[in-house]
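Remarks on the overall topology
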Amino acid sequence: MSTVGIVAERPGEARVSSSPSSVKKLVSLGYDVVVERGAGVRAAFTDEAFAAAGARIVTRDAAWATDIVLKVAPPTDDEIALLADGATLVATLSPALRPDLLAALSQRGITALALDAVPRISRAQSMDVLSSMANISGYRAVVEAAHEFGRFFTGQVTAAGKVPPAKVLVAGAGVAGLAAIGAASSMGAIVRATDPRPEVADQVRSIGGEYLAVEVGETMESADGYAKQTSEAYDRRAAEIYSEQAREVDIVITTALIPGRPAPKLLTADDVASMRPGSVIVDMAAAQGGNVAGSVAGERVVTEGGVIILGYTDLPSRLPTQSSQLYGNNLVSLLTLLTPQKDGRLTLDFDDVVQRSVTVVRDGVTTWPPPPVQVSAAPPATRGASDAAAVAAPAPKEPWLTPVRRAVLTAVGLAVLFLLTAFSPDPIPRHFTVLVLATVIGFYVIGNVHHALHTPLMSVTNAISGIIVVGAIVQITTPDLTVQVLAAIAVLVASINIFGGFAVTRRMLAMFSRSDGGGPGGARR
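All of the points below concern the structure found in this document.

Thresholds applied
Just so you know, the residues in each chain are numbered from 1, in the order the chain's sequence is written. Side-chain atom pairs in this predicted model are given and counted only at pLDDT of 80 or more, local residue features only at pLDDT of at least 70, and totals for whole chains, interfaces and linings cover all residues. As a convention, hydrogens and water are excluded, and side-chain values are obtained from all of the structure's heavy atoms. The helix count covers DSSP runs of H or I at least four residues long, the strand count covers runs of E at least two residues long, and both are numbered beginning at the N terminus. Computed with the Shrake-Rupley method and a 1.4 Å probe, the accessible areas treat only the protein chains shown as cover for residues. Whether a residue is buried, partly exposed or exposed follows from its accessible area with a 1.4 Å probe, protein chains only, as a fraction of its type maximum: under 20%, in between, or over 50%, in that order. We treat two strands as partners when DSSP finds at least two bridges between them. Contacts are residue-level and defined by heavy atoms, with any inter-residue pair within 4.5 Å sufficient. A fitted line through C-alpha atoms represents every axis, and for helices the fit uses only the stretch in contact; the resulting angles, taken between N-to-C directions, go from 0 to 180 degrees. Put simply, a salt bridge is a Lys or Arg side-chain nitrogen that is within 4 Å of an Asp or Glu carboxyl oxygen. What makes a crossing left-handed is the near helix being turned counterclockwise from the far one by less than a right angle; a clockwise turn instead makes it right-handed. Gly counts as polar in this scheme, as do all residues outside two lists: the nonpolar Ala, Val, Leu, Ile, Met, Phe, Trp, Tyr, Cys and Pro, and the charged Asp, Glu, Lys and Arg. Only the six-membered ring of Trp is used, alongside the rings of Phe and Tyr, when aromatic pairs are assigned; centres must lie within 6.5 Å, and planes under 30 degrees apart are stacked while those over 60 apart are edge-to-face, with the rest tilted. Any Lys NZ or Arg CZ that is within 6 Å of a ring centre and within 35 degrees of that ring's normal is treated as a charge sitting over the ring. Note on handedness: a crossover is taken as right-handed if, strands pointing away from the viewer, the path from the first strand over the helix to the second is clockwise. Residue count minus one, scaled by 1.5 Å, sets the expected span of a helix.

The next thing to look at is the overall build of the chain. Within the chain, the secondary structure is distributed over 17 helices and 17 strands. For the chain, the accessible surface area stands at approximately 26800 Å², while carbon and sulfur atoms represent 60% of it.

Omega for the bond connecting tryptophan 368 with proline 369 falls within 30 degrees of zero, at 5°, which places this linkage in the cis form. Within the chain, lysine 342 stands out as a residue other than glycine whose phi angle is a positive 55°. Structurally, lysine 342 can be placed in the loop between helix 11 (320-338) and helix 12 (353-358). For lysine 342, a relative accessible area of 54% gives the class exposed. Backbone geometry at aspartate 363 places phi at a positive 50°, although glycine is not the residue there.

Here the focus is the sheet that holds strand 16 (residues 359-362). Here we have eight strands laid out as an open sheet, ordered 3-2-1-4-5-6-16-17, and mixed in their pairing. Each end of this open sheet is capped by a strand with a single partner; those strands are strand 3 (56-58) and strand 17 (365-366). One ladder, built from two bridges, connects strand 6 (residues 111-114) with strand 16; its direction is antiparallel. Opposite alanine 112, over in strand 16, you have valine 361 as the bridge partner. Helix-sheet contacts for helix 1 (residues 20-28) involve strand 1 (3-6), strand 2 (32-36) and strand 4 (68-70), and the interaxial angle to strand 2 is about 150°. Against the sheet, helix 11 makes contact with strand 4, strand 5 (88-91) and strand 6, and its axis sits at roughly 140° relative to strand 5, the strand it touches most.

Charged atoms that come close allow side chains of opposite charge to pair. For the structure shown, the criterion picks out 20 salt bridges. With a shortest N-O distance of 4.0 Å, arginine 60 and glutamate 36 are connected by a salt bridge. Placement of the pair is arginine 60 in helix 3 (residues 60-64) and glutamate 36 in strand 2, with a sequence separation of 24 residues. When its relative accessible area of 9% is taken as the criterion, glutamate 36 is described as buried. Measuring nitrogen to oxygen at the nearest pair gives 3.6 Å for the salt bridge that ties arginine 151 to aspartate 250. With arginine 151 in the loop between helix 6 (129-148) and strand 7 (156-158) and aspartate 250 in the loop between helix 9 (232-246) and strand 12 (251-254), this residue pair connects regions lying 99 residues apart in the sequence. Relative accessible area serves as the criterion here: at 5%, aspartate 250 is assigned to the buried category. A single salt-bridge network, built from bridges that share partners, covers Arg140, Glu144, Asp314 and Arg318.

As a further point, take the sheet that holds strand 11 (residues 209-211). The seven strands lie next to each other as 11-10-9-12-13-15-14, forming an open sheet whose pairing is mixed. Taken across any chain shown, the strands that pair with only one partner, and hence form the sheet edges, are strand 11 and strand 14 (300-302). Across the sheet, the axes of successive neighbouring strands diverge by a mean angle of 20°, strand direction being ignored. Pairing analysis gives three bridges linking strand 14 to strand 15 (residues 308-310), with the strands arranged antiparallel. Across the sheet, the residue bridging to arginine 300 is leucine 310, located in strand 15.

Once that is clear, we can look at the packing of helix 6 against helix 7 (residues 175-186). The packing of two helices is summarised by the inter-axis angle and the distance between the axes. Interhelical geometry of helix 6 versus helix 7 gives an angle of 35° and a closest axis separation of 7 Å. Helix 7 is crossed by helix 6, and the crossing has right-handed handedness. Contact residues: Ser131, Ala134, Asn135, Gly138, Tyr139 and Val142 in helix 6; Val175, Ala176, Ala179, Ala180, Ala183 and Ala184 in helix 7. Looking at the contact of helix 6 with helix 7 residue by residue, the classes come out as nine nonpolar, three polar and no charged.

Okay, the environment of valine 7 next. Examined against the element boundaries, valine 7 turns out to sit in the loop between strand 1 and helix 1. Between the alpha carbons of valine 7 and valine 35 there is a distance of 6.2 Å; along the sequence they are 28 residues apart. Residues within four places of valine 7 in sequence aside, it is in contact with Val16, Glu36, Ala39, Ala63, Trp64, Val69, Leu70 and Lys71.

So, about the side chain of aspartate 352. Mapped onto the elements, aspartate 352 comes out in the loop between helix 11 and helix 12. Beyond its immediate sequence surroundings of up to four residues, aspartate 352 is in contact with Arg123 and Leu337.

Before going further, it helps to spend a moment on the packing of aromatic side chains. Taken as a whole, this structure holds two aromatic pairs when the rule is applied. Ring plane angle 75° and centroid distance 6.2 Å describe the contact between phenylalanine 45 and phenylalanine 50, whose orientation is recorded as edge-to-face. Take phenylalanine 45: its relative accessible area is 7%, and that puts it in the buried class. Measuring from ring centre to ring centre gives 6.1 Å for phenylalanine 149 and phenylalanine 153, while their planes differ by 85°; the resulting arrangement is edge-to-face. Exposure remark for phenylalanine 149: the relative accessible area of 9% places this residue in the buried category. A relative accessible area of 6% means that phenylalanine 153 is categorised as buried. Note that arginine 318 overlies the ring of tyrosine 312, its terminal NZ or CZ placed 3.9 Å from the centroid.

Moving on, we get to the pairing of strand 16. Bridging between strand 16 and strand 17 involves two bridges; their strand directions are antiparallel. By the bridge assignment for strand 17, valine 361 is matched with threonine 366.

Side chains Thr111 and Leu113 of strand 6 all project onto a buried face; the interleaved residues Ala112 and Ala114 project onto the opposite face, where all are buried too. Here strand 5 runs beside strand 6; their pairing, made up of four bridges, is parallel. Residue pairing across strands places valine 90 opposite leucine 113, the latter belonging to strand 6. Viewed along the sheet, the connection from strand 5 through helix 5 (residues 99-107) into strand 6 turns out right-handed.

The next point concerns helix 9. Across its 15 residues, helix 9 extends 21 Å between first and last C-alpha, which sits within 8% of the 21 Å expected from 1.5 Å per residue. Among all positions of helix 9, only Tyr234, Ala238, Ile241, Tyr242, Ser243, Gln245 and Ala246 are buried. Along its buried surface, helix 9 packs onto strand 9 (167-171), strand 10 (190-194) and helix 10 (269-273).

What follows covers the environment of valine 436. Within the secondary structure layout, valine 436 lies in helix 15 (residues 428-447). Given a relative accessible area of 35%, valine 436 falls into the partly exposed group. Along the chain, valine 436 and isoleucine 467 lie 31 residues apart, while their C-alpha atoms are 9.1 Å from each other.

See below:
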């Protein structure tokens, strides 16, 4: 059984690497968990709560001397010296930006796992610290902007006058950007967003934002789930959009980051100067150089024109309880993967792409960077591929239903239909014609309905109901009273199913709808 140590963070960091609930899960994996005294106080987790969850409260040196040390921020040189020989450190290490840290960890002969190096694949989502912390950062960025902003976010019409809604621009629609869009939209603001990935447009609209497309005739694709560096053409057009929006919006939140590189500059000094006094900019990339000219990491800056620039780098730490809970859950997911037998013994398997990616130092040997992980479902073709690779690649499989086969099947179907109607006794041809007509009309009834108004299940039921309605309407003209009554009942019931389904769907959509009152460029949620 290995001992897991949860240590206190440095001053200024209010988070802790585990919550009492995550400690219970670590104990269930077979680990002996110890917590440094007072480690969770700033996150509202008492030592008594950790003890009740199954942990032992120990001194600082005892917590650092454990087999596995769990931490939030990268360790300092003094903290590295406290690690036991052969220990395993799990923290956010920023390996691409801290080669000196990796060298220091290697010299100690330990194993280091970087939680911020988790690959963005489906089965690793529960371990993705970057996403969970970015979600909190995006929300908190809106809270900070609202605190600095001098007006309501939502528009109001009162006896004292009319208050227009605030206009917010979010640069970057990743996890943090989407969280900011959702928070600002829910507070009543008119929200606009930009992002080089066109696939996020629907996500932006679904949470109440307006997507501002940067149309340059190219498609930005990501093979690993992270943003890529944009082209010069894109940067020029995006700069024009940012300049236009800076003169119009009240709040700008920038989230653009490229892993392993300085943050790209989005707003120039002229853009900032063009904003109205009292406007607010939250530069969430300030820690890596900033997206905004004039932003300072960790500080609040007020320009000569009265624009407030917030370069806070501790946004997750400003919600320490929530952040610690999510961070602890990410850690539990990773250790669950690394403890397959639930016997309290950590096992590394480099054949697993997740374990290989997060391991930056193994037994004193630097293993960063890991092999690239392909997460795109349809990766773009690589220019300059060798002829040998092209020959070795298997030829794409030809679909079974080719145009020729489709034509043959259509001809056979028409022939069968002709023979059936020509030689079948009456009234089979008439009934068969009604069935075919009802099937075709039922198909088009649902095929022309906007996808936002139905689910796949609803589309199937509406198609069936459409067939029933058409067939029943035709049968109403039959002289037999019994057939007429049954046909009328069928029309009534099927119609209730169709129109009732749409009525219920519209009422559900209305629950999430609101008018922004902002005229053109506004958003609906």
